[in-house]
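Results of the structural survey
Each chain is listed here by its residues.
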Amino acid sequence: MNRDHTTLLRLRKARRYILLYALLIAIAIAIILPISWIVASSFTTRETVWKNVLPFSWRAFFPADFTLDGYQAIFEKDFGRALLNTFFLGAVTVVFGIAVGAMSGFAFARLKFRAKNFLFALVIFSFMIPGDLTIIPSFVLVRDLGWLSTWQGLIVPGLANGIIIFLFRQFFAEIPQDLIDAPRVDGATWLQVFTRIILPISKPALISAGVILFLGQWNNFFWPLLVAPDPELRVVQVAVSIIGIEQQVNLWEQMFASSTLAMLVPVLLILPFQRYYVGGILGSGLKG
């Protein structure tokens, strides 16, 4: 009787796993197929983009007339400048954003000062409110500072990130107190403890913060469009939105080529750092 009950439980468990994996495979296919078609269409001509789509055929994923004309065309339209601008914007934001977030997180996790809990509540509140509500006051502030169409206007508003501060605070709070007390007893300053003890053992949090900050700037569209519309400061997402449209004609191969490049960088960034990224999220207490 017990053996039959155990077998029944195993069958039910196996059935649940099969259903779960079937659902995950279906979701993966629903996500991958459109992306695969976009990538394949970026290597074809404008006239044949929709050839095997209506009606749909598997040949849509294998362009018969392979060409790089779409990629050549977008780089002739200064898409390369947009890529370099976004890399620069992301790199600067990562460096200074991590510095601001790590120091703030360490202060909230380990230091004692007046109104600490109130200020940390404001940090949490800052990333809970919709970003659309802060667009107008942020724009007015940047305009009054004279930072429209400047790198400062693009970079500075993204440095103090509430999610990053929260991530570091949660990660630093999990570090054993003995690692901090020992150097303090030996006369080390808080800055020495932070730079020589805390940061070297915080690689997962640092990488997680860097990935979040970089992807945030890479995928940013409305703010760069609003404060820096000049072609010299154009970023990837803004460039993707305007490439491929000339005289009310949709240049599909150029749209798909620019979209493919815009997708490629986040994928290449996430894959090698996935283990550290997940570890940083779990260590910070951001897990669901």
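Residues numbered from 1 in each chain as written. Predicted model: local features only at pLDDT ≥ 70, side-chain atom pairs only at ≥ 80, totals over all residues. Heavy atoms only, no water.

**Here we look at the domain arrangement of the chain**
- Segmenting the chain into domains produces domain 1 (2–67) and domain 2 (71–286).
- Measuring from the centre of the C-alpha atoms in domain 1 to the corresponding centre in domain 2 gives 32 Å.
- With 11 residues of domain 1 at the contact, the number on the domain 2 side is 10 residues.
- Summed over both partners, the interface of domain 1 with domain 2 buries about 910 Å², with 74% contributed by carbon and sulfur atoms.
- Interface area lost by domain 1 to domain 2 is led by I38, S42 and R46, which between them contribute 54%.
- There are one salt bridge connecting domain 1 and domain 2.
- The partner of E253 in a salt bridge is R46, and the shortest N-O contact between them spans 3.3 Å.
- Summed over the shared surface of domain 1 and domain 2, the number is two residue pairs in polar contact (both at pLDDT 80 or more).
- For the side of domain 1 that touches domain 2, the class distribution of residues is seven nonpolar, three polar and one charged. (Domains from an automatic or database assignment. Contact = heavy atoms within 4.5 Å. Buried area = accessible area lost by both parts, 1.4 Å probe. Salt bridge = Lys/Arg side-chain N within 4 Å of Asp/Glu carboxyl O. Polar contact = N/O pair within 3.5 Å; in protein donor to acceptor, adjacent residues only side chain to side chain. Nonpolar A, V, L, I, M, F, W, Y, C, P; charged D, E, K, R; others polar.)

**What about the environment of L119?**
- Here L119 lies in helix 4 (residues 116–126).
- Separated by 11 residues in the primary sequence, L119 and F108 place their C-alpha atoms 8.8 Å from one another. (Helix = DSSP H or I, 4+ residues; strand = E, 2+ residues; numbered from the N terminus.)

**A look at the pattern of salt bridges**
- The tally for this structure, following the rule as stated, stands at two salt bridges.
- Between D144 and R143 there is a salt bridge whose closest N-O contact spans 3.4 Å.

**Considering the packing of aromatic side chains**
- According to the stated counting rule, one finds 20 aromatic pairs in the structure shown.
- Clustering of aromatic rings is evident, with ring pairs tying together F106, F168, F171, F172, W190 and F194.
- Positioned above the aromatic ring of F120 is the side chain of R169, whose terminal nitrogen or guanidinium carbon lies 4.8 Å from the ring centre. (Phe/Tyr/Trp six-rings, centres within 6.5 Å; stacked < 30°, edge-to-face > 60°. Lys NZ or Arg CZ within 6 Å of the ring centre and 35° of its normal.)

**Considerations on a nonpolar patch on the surface**
- A cluster of nonpolar side chains, namely Y17, L20, Y21, L23, L24, I25, I27, I29, I31, I32, L33 and I35, defines an oily patch on the protein surface of about 1,100 Å² accessible area.
- Take Y21: it is sitting in helix 1 (residues 2–41). (Patch = residues over 30% accessible without salt bridge, like charges linked within 9 Å, V, L, I, M, F, W, Y side chains within 5 Å. Areas by Shrake-Rupley, 256 points an atom, 1.4 Å probe, with all protein chains shown as cover.)

**Let's talk about unusual backbone geometry**
- Residues other than glycine seldom take positive phi values, yet D78 does so here, at roughly 65 degrees.
- Within the element layout of this structure, D78 appears in the loop between helix 2 (69–76) and helix 3 (79–110).
- Owing to a relative accessible area of 49%, D78 belongs among the partly exposed residues under this scheme.
- At A115, a residue that is not glycine, the phi angle is positive and equals roughly 60 degrees. (Buried < 20%, exposed > 50% of the residue type's maximum accessible area, 1.4 Å probe, protein only.)

**With respect to the packing of helix 8 (residues 178–185) against helix 9 (residues 190–198)**
- Axis separation between helix 8 and helix 9 bottoms out at 10 Å; the angle between their running directions is 130 degrees. One way to sum up the angle between helix 8 and helix 9 is to call them oblique. When the axes of helix 8 and helix 9 are compared, the crossing they make is right-handed. Contacts between helix 8 and helix 9 pair L179, I180, P183 and R184 from the former with W190, V193, I197 and I198 from the latter.
- For the contact of helix 8 with helix 9, the residue count by class is seven nonpolar, no polar and one charged. (Axes fitted to C-alpha atoms, helices over the stretch in contact; angles between N-to-C directions. Parallel < 35°, antiparallel > 145°, perpendicular 65-115°, else oblique. Left-handed = near helix turned anticlockwise from the far one by under 90°.)

**Comments concerning the confidence of the model for the chain**
- Of all residues in the chain, 92% have pLDDT values of 70 or greater, and the mean over the chain is 86.
- Least confident of the elements in the chain is strand 1 (residues 245–246), whose mean pLDDT is 64; most confident is helix 3, at 94. (pLDDT = per-residue confidence, 0-100.)

**Remarks on helix 9**
- Three or more residues of helix 9 are buried, namely V193, F194 and I198. End-on view of helix 9: buried residues confined to an arc of 95 degrees, all on one side of the axis. Looking at helix 9, the residues exposed on the side facing more than 90 degrees away from the buried face are L191 and R196.
- In this fold, the buried residues of helix 9 make contact with helix 3, helix 7 (162–173) and helix 8. (Arc of directions from axis to C-beta.)

**Notes on the environment of N161**
- Along the chain, N161 falls in the loop between helix 6 (151–155) and helix 7.
- A distance of 2.9 Å separates a polar side-chain atom of N161 from the backbone nitrogen of I163.

**Section: the nonpolar core**
- I74, F79, F168, F172, I198 and V236 are the most contacted members of the largest nonpolar core, which has 38 residues in total.
- Of all the elements in the fold, those that place two or more residues in this core are helix 2, helix 3, helix 7, helix 9, helix 10 (203–218), helix 12 (236–242) and helix 13 (252–284).
- The contacts of V236, once residues within four sequence positions are left out, are F79, A82, L83, T86, W218 and A262. (Core = buried A, V, L, I, M, F, W, Y, C linked by side-chain atoms within 4.5 Å.)

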